[in-house]
Amino acid sequence: MSLQYCADPSLLHGWQWLSCYLLTPKHQLFYTSFLVVFALLAITAPVVLLLGFAGAMAKRSSFLPLRWFGSIYTSMVRGVPDVIFFLFVPIALDQLVEYARHKIKCPDITAPVYQGSDFIVCAAAKMPTSNADAWVHQLWGFSLAVIAFSIVFGAFAANTIHGALQAVPHNQLETARAYGMSDSQVFRRVHLPQMWTYALPGLSNLWMILVKATPLLFLLGVEDIVYWARELGGAKTSYFEYPHPDWRLWYFLALLVFYLLLTWLSGKFFARLTDKFSVDKSRSKANSIKPTLIGIGR
Amino acid sequence: MNSNTGSTGSVPVIELRNIHKKYDDLEVLKGIDLVANKGDVIALIGSSGSGKSTLLRCANLLEIPQQGDIIFQGQAVTWGKKKGQRTPSDKNQLQQMRTNLSMVFQQFNLWAHMTVLQNVVEAPITVLKQNPAEANNRGRELLDKVGIGDKCDQFPSQLSGGQQQRAAIARALAMNPAAMLFDEPTSALDPELEAEVVRVIQALALEGRTMIIVTHDMKLAYDVANHVIFLHDGVIVEQGTPDEVFKNTRSPRLQQFLAATGQEG
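Let me begin by describing the structure that accompanies this report. (Residues numbered from 1 in each chain as written. Chains lettered and ligands numbered in written order. Predicted model: local features only at pLDDT ≥ 70, side-chain atom pairs only at ≥ 80, totals over all residues. Heavy atoms only, no water.)

So, the state of the cysteines
All names here are of chain A. What the rule picks out here adds up to one disulfide over all chains. Between the sulfur of Cys106 and that of Cys122 lies a disulfide, 1.7 Å long from S to S. What sets the handedness of the Cys106 and Cys122 disulfide is the S-S torsion sign, and at about 75° it is right-handed. Of this pair, Cys106 sits in the loop between helix H4 (82-105) and strand E1 (114-115) while Cys122 sits in the loop between strand E2 (118-119) and helix H5 (134-167), and the two are 16 residues apart along the sequence. (Disulfide = S-S within 2.5 Å. Helix = DSSP H or I, 4+ residues; strand = E, 2+ residues; numbered from the N terminus.)

Focus: the environment of Ile213(B)
Residue and element names in this part refer to chain B. Tracing the backbone through its elements, the reader meets Ile213 in strand E10 (residues 211-214). Look at Ile213 and you get buried, because its relative accessible area is 1%. Between the C-alpha atoms of Ile213 and Ile201, which are twelve residues apart in sequence, the distance is 9.7 Å. Excluding anything up to four places from it in sequence, Ile213 contacts Val41, Ile42, Ala43, Leu44, Phe182, Pro185, Ile201, Leu220 and Val224. (Buried < 20%, exposed > 50% of the residue type's maximum accessible area, 1.4 Å probe, protein only. Contact = heavy atoms within 4.5 Å.)

Observations regarding empty space enclosed by the protein
To find leftover empty space, a probe the size of one water molecule is rolled over the atoms. Residue and element names in this part refer to chain B. Per the counting criterion, the structure on display carries two cavities of 30 Å³ or more. Put simply, the second largest cavity is a space of about 30 Å³. Those elements that provide at least two residues to the lining of the second largest cavity are helix H3 (116-126) and helix H4 (132-145). When residues of the lining of the second largest cavity are assigned to their parent elements, the largest contribution, three residues, is made by H3. Its residues assigned to classes, the lining of the second largest cavity shows five nonpolar, one polar and one charged. (1 Å grid on protein atoms, 1.4 Å probe; cavity = no way out; pocket = protein on both sides within 12 Å on 5 of 7 lines; lining within 4 Å. Points joined across faces, edges and corners; volume = space filled by probe spheres on them. Nonpolar A, V, L, I, M, F, W, Y, C, P; charged D, E, K, R; others polar.)

Structural notes on the interface of chain B and chain A
Each partner contributes residues to the interface: chain B has 31 residues there, and chain A has 26 residues. Carbon and sulfur atoms supply 54% of the area that chain B and chain A bury against each other, a total of about 2500 Å² over both sides. Of all residues in chain B, the largest losses of buried area upon contact with chain A belong to Trp111(B), His113(B) and Ser157(B), amounting jointly to 24% of the total for that side. Summed over the shared surface of chain B and chain A, the number is two salt bridges. A salt bridge links Glu122(B) to Arg189(A), with the nearest nitrogen and oxygen atoms 2.7 Å apart. Our count for the contact surface shared by chain B and chain A stands at eleven residue pairs in polar contact (both at pLDDT 80 or more). Taken together, the elements giving at least two residues each to the side of chain B that touches chain A come down to helix H2 (91-100), strand E8 (101-104), H3 and helix H5 (161-173) of chain B. (Buried area = accessible area lost by both parts, 1.4 Å probe. Salt bridge = Lys/Arg side-chain N within 4 Å of Asp/Glu carboxyl O. Polar contact = N/O pair within 3.5 Å; in protein donor to acceptor, adjacent residues only side chain to side chain.)

Quick word on the layout of surface pockets
When its volume is computed, the largest pocket comes out at roughly 1300 Å³. Around the largest pocket, the lining is made up of 38 residues, and of these Arg177(A), Asp183(A), Lys82(B), Thr87(B) and Arg98(B) lie nearest the centre. Contributing elements (two or more residues each) for the lining of the largest pocket: helix H2 (25-60), helix H6 (170-178) and helix H7 (183-213) of chain A together with strand E6 (79-82), strand E7 (85-88) and H2 of chain B. When residues of the lining of the largest pocket are assigned to their parent elements, the largest contribution, five residues, is made by H2(B). Grouping the amino acids of the lining of the largest pocket by side-chain chemistry returns eleven nonpolar, 14 polar and 13 charged. In this structure, the second largest pocket spans a volume of roughly 330 Å³. Among the elements of the structure, H2, H7 and helix H10 (248-277) of chain A are those that each provide at least two residues to the lining of the second largest pocket.

So, the packing of aromatic side chains
According to the stated counting rule, one finds 24 aromatic pairs over all chains in the structure shown. Relative to Phe240(A), the ring of Tyr239(A) lies with its centre 6.0 Å away and its plane at 90°, an arrangement referred to as edge-to-face. The class for Tyr239(A) is exposed, based on a relative accessible area of 73%. Ring pairing ties together the aromatic residues Phe30(A), Tyr31(A), Phe34(A), Phe38(A), Tyr251(A), Phe258(A) and Tyr259(A), which thus form one cluster. The ring of Phe240(A) carries Lys236(A) above its face, with NZ or CZ at 5.8 Å from the centroid. Across the ring face of Trp79(B), the terminal group of Arg86(B) is positioned such that the distance to the ring centre comes to 3.8 Å. (Phe/Tyr/Trp six-rings, centres within 6.5 Å; stacked < 30°, edge-to-face > 60°. Lys NZ or Arg CZ within 6 Å of the ring centre and 35° of its normal.)

Right, here's the structure in full:
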């Protein structure tokens, strides 16, 4: 994809130099690493929403152990710093999977897996296996990251959704029952649609935090945009094709602009969504009628 | 004209027999009997805390009385137990009752996320499984009837209290119920808006609709009811025709109540 005139970088000047510099294979890896961020968001967001619903339903369940599970899940994750969770979950999952594979694939090895502070499994149990391509390693790391993100943010979403379900006025649900609706009809026709009004501010907030948490991928060893910004921005001596001083400032500035843009767009999107799901239509921008309270006198 | 004893060959729609309702140690209803025959308009009056709203809510089982029988169109509610509490055991029967006893609430309780017309057709479509197109047509007719046909596509929060309550009445009518239950339908409205709701209720009474109305509005009770029940401390202290109850008041308690509400005579 590199341009014709880029053949000998040492002869280039000005914008020609810059255009060639910005199209080096490493830079192309940098650009594709933005896709990693989007992929993480695209996969994590729906999973988080699902986990959030599951957690909220568990907390509301009439079955006590399920209720316990829901409460423990949400309060435990809420009480732990995110960064620690992101460091803990991938390592724990990694070891869990390798331990299981070790037991299945190498039943003959009797030596304990935990030897002092070492975690030793047979070669066949390694995840990914030692002869796997680099992209498999990346994918494995990415998958662990997705799981860690989903667990953490799922707990927050569960809290938000649980709170939103509680916030729907009781009389709205009672009225539905009074008109003969079954429990599931009440839930589908009234409870769920009205829940969004109360959940959206929290969920939009959560989305922003999720977007801003994506650089944690770097912490998990995934080659994300932060990794590449550091790599490419660092000073390059004349040993390199395109030598330059420490430009990390500019690279990080670019990331800053990227995240600002992303959160700004998200904000606009959620404002629209909130408008759409607003229970009090008179408050939405689509209407010019003055606001009134739902159910006067409440 | 009134046959509240249920013994003169009229058709009872809903009968409440010896209803007792307790919240923890507080006994709100202490053995109430009430029969609404077809075409009856019964007004339940009494001070706040007398148990009149609770009694009304027992009729469609929004409240479950610990003791007593509820008979809907000749069928007694069958009871089961859940977590030590008495509870209706037959879901179909419960649905049958609730769809036939549509309720109008003090705070209107229109579903806030639906337009006025959607509110009216919601239960007919999801519960009664009516054809949506037909339900919509009928919904528009009913909204016309209560005088807010032009508000079909507005949301409840865009309507005045009086309009909301009329929409709620249209929603109740859309169920084509055997009886309508009104829980203080005018209490949340200022006098001007109250009048428009009262007119609608009066029109329904003239149509011969069976209604039970809990109200603080003695004029409404006098004008539309054919039978008035005065509740105090969970028991029926006095009942009879509006003239008997309001003009020839016997019990001192009711005299006191009417004096306090400034509606005596």
